[in-house]
Amino acid sequence: MKFIHISDVYLGYVPDQGKEWSEDRAKEIKSTFERVLTDCNEKEVQLLLIAGNLFAAPPTVEQLDWLDEKLCTLEHTRTLLIAGGADYIAPGAPIETYEFKSKTVVFPREKTTNAYLKGVNTCVTGYSYGQPEHRENILETIGPGRESAYNILLAHGGDADHMPFHREVLARKGYDYVAMGGSRKPIHILKNRMAYSGSPEPLSVTDQGKHGYVLGEMTEEGTRITWCPIARRSYIRFNFDLRPDISGEEITKLAEEQMMKMGYENIYSIVMRGFASESLKPDFTRLKKRFNIYEIDDQTISSKEQELLRAENDKNLVGGFVREIEGSYTVDEKIREKARRYGLEALIRAGE
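Read on for an overview of the structure. (Residues numbered from 1 in each chain as written. Predicted model: local features only at pLDDT ≥ 70, side-chain atom pairs only at ≥ 80, totals over all residues. Heavy atoms only, no water.)

What the protein contains, in helices and strands, is 9 helices and 16 strands. For the protein, the proportion of its 352 residues judged to be buried stands at 48%. Restricting the contact set of the protein to residue pairs at least 6 apart, pairs at least 24 apart contribute 71%. Here the protein has roughly 17,600 Å² of accessible surface; of this, 48% comes from carbon and sulfur atoms. (Helix = DSSP H or I, 4+ residues; strand = E, 2+ residues; numbered from the N terminus. Buried < 20%, exposed > 50% of the residue type's maximum accessible area, 1.4 Å probe, protein only. Contact = heavy atoms within 4.5 Å. Areas by Shrake-Rupley, 256 points an atom, 1.4 Å probe, with all protein chains shown as cover.)

Okay, the pattern of salt bridges next. As enumerated under the stated definition, the model contains 13 salt bridges in all. Here E96 makes a salt bridge to R109, at a shortest N to O gap of 2.8 Å. Of this pair, E96 sits in helix α3 (residues 94-97) while R109 sits in the loop between β4 (104-106) and β5 (113-117), placing them 13 residues apart in sequence. Here R290 makes a salt bridge to E256, at a shortest N to O gap of 2.1 Å. Placement of R290 in helix α6 (residues 285-290) and of E256 in helix α5 (residues 248-262) is noted, with a sequence separation of 34 residues between them. Residue class for E256 comes out buried when judged on its relative accessible area of 14%. (Salt bridge = Lys/Arg side-chain N within 4 Å of Asp/Glu carboxyl O.)

Here we take up unusual backbone geometry. A negative phi angle is the norm for most residues apart from glycine, just as the trans form is the norm for most peptide bonds. Its identity is not glycine, yet N53 carries a phi of approximately 55 degrees, on the positive side. Topologically, N53 is positioned in the loop between β2 (47-51) and α2 (61-71). A residue is classified by how much of its surface remains accessible, and N53, at 4% relative accessible area, is buried. Residue M163 is not a glycine yet carries a positive backbone phi of 45 degrees. Assignment of secondary structure puts M163 in the loop between β7 (150-156) and α4 (167-171). Judged by its relative accessible area of 0%, M163 is buried.

With that settled, consider the environment of F284. Summarising the element assignment, F284 is placed in the loop between β14 (267-276) and α6. For the pair F284 and I296, spaced 12 residues apart in sequence, the C-alpha to C-alpha distance is 8.6 Å. Residues within four places of F284 in sequence aside, it is in contact with I251, T252, A255, I270, M272 and I296.

Among all positions in α2, only L64, W66, L67, D68 and L71 are buried. Elements in contact with the buried residues of α2: α1 (22-42), β2, β3 (78-82), α3 and β4.

When you line up the elements, N41 lands in helix α1. When its relative accessible area of 16% is taken as the criterion, N41 is described as buried. With residues up to four places along the chain from it excluded, the contact list for N41 reads T73, L74, E75 and H76.

The subject of this paragraph is the packing of aromatic side chains. Taken as a whole and judged by the stated rule, the model has 7 aromatic pairs. Ring geometry for Y10 and Y13: centres 6.2 Å apart, planes at 65 degrees, overall edge-to-face. The class of Y10 is buried, set by a relative accessible area of 16%. Arranged with centres 6.2 Å apart and planes meeting at 35 degrees, the rings of F33 and W66 form a pair that is tilted. In this pair, F33 is assigned in helix α1 and W66 in helix α2, connecting sequence segments 33 residues apart. (Phe/Tyr/Trp six-rings, centres within 6.5 Å; stacked < 30°, edge-to-face > 60°.)

As structure tokens, this is what we get:
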């Protein structure tokens with residue numbers, strides 16, 4: 001039996017509001033979800049497991065109509081869906097009474113429910129949120145729903161405000177697979193048996209790295225899962241450790257080369273670190289027209305600021321470090337200068 005596990009899609013969300021690419025990102029969240037459905041068909045997947053936060057907020061009837069239309073395109077797949085903290089099911093919410101034309105099971109709010117799928121001999125146990133937060137330890141009280149069947153737990157949470165649990169306790173429950181939601185980052189918790197899928201598309205500048213979904217297969221030998229990247233873009237943060245003699249033109253050229261190598265579609269945060277001259281003022285205007293630059297984070301320390309810091313910290317660890325380095329006369333001056341810059345920067349950042 002094959003399955004695809006997704007979560008934290010956040011349909012309806014508009015990332016990076018105010019940025020030029022913001023509306024495109026909202027469309028890409030939808031198109032990447034549609035790509036997941038295409039993969040379900042191409043890979044002849046039997047189950048699509050959605051572990052909460054499919055929507056960015058409790059869905060409207062119009063959103064459910066859109067979802068149902070898309071799920072009707074699935075040829076081999078049944079969809080099993082729980083609500084998370086973002087798209088929780090309030091009493092009387094449209095999703096409670098919505099009649100899906102597609103082969104979709106929505107687990108009811110505030111209630112442990114088992115869905116047995118005879119055709120694939122699989123029992124999926126799930127619990128939908130009926131409120132934005134759940135501080136109770138609910139997941140550890142739930143056990144597999146059916147003997148002599150594949151058992152899957154569809155769950156959402158893991159932090160103090162969203163169904164906290166101990167991973168080792170959940171691992172001992174005996175599920176063939178635990179499909180987790182509630183983390184936008186993919187995390188493989190227990191080899192082949194428990195994982196957060198993460199968001200198919202990154203949703204903010206903090207969502208670094210690749211994003212996608214979990215593809216799994218259950219056989220008599222056990223469960224095997226593979227993580228499949230699918231996101232249209234990535235948020236990428238890279239650092240420039242500057243030296244005092246570098247020019248603004250050199251910095252922008254290095255940034256351009258780096259972004260060309262990584263791809264025009266991605267969204268970049270550029271961090272400048274180290275010690276720089278007073279006159280250093282790199283102009284990123286041209287690059288911002290060619291690339292998606294989220295922010296320029298200037299963390300450099302000028303020579304004037306360096307002298308001020310040395311004076312202010314003469315009696316503490318920073319001052320002691322500088323005196324120790326400057327007293328190392330047997331060390332080459334260039335090496336001393338590098339050690340002084342890197343060490344001073346590290347000490348200052350540690351203090352922050």
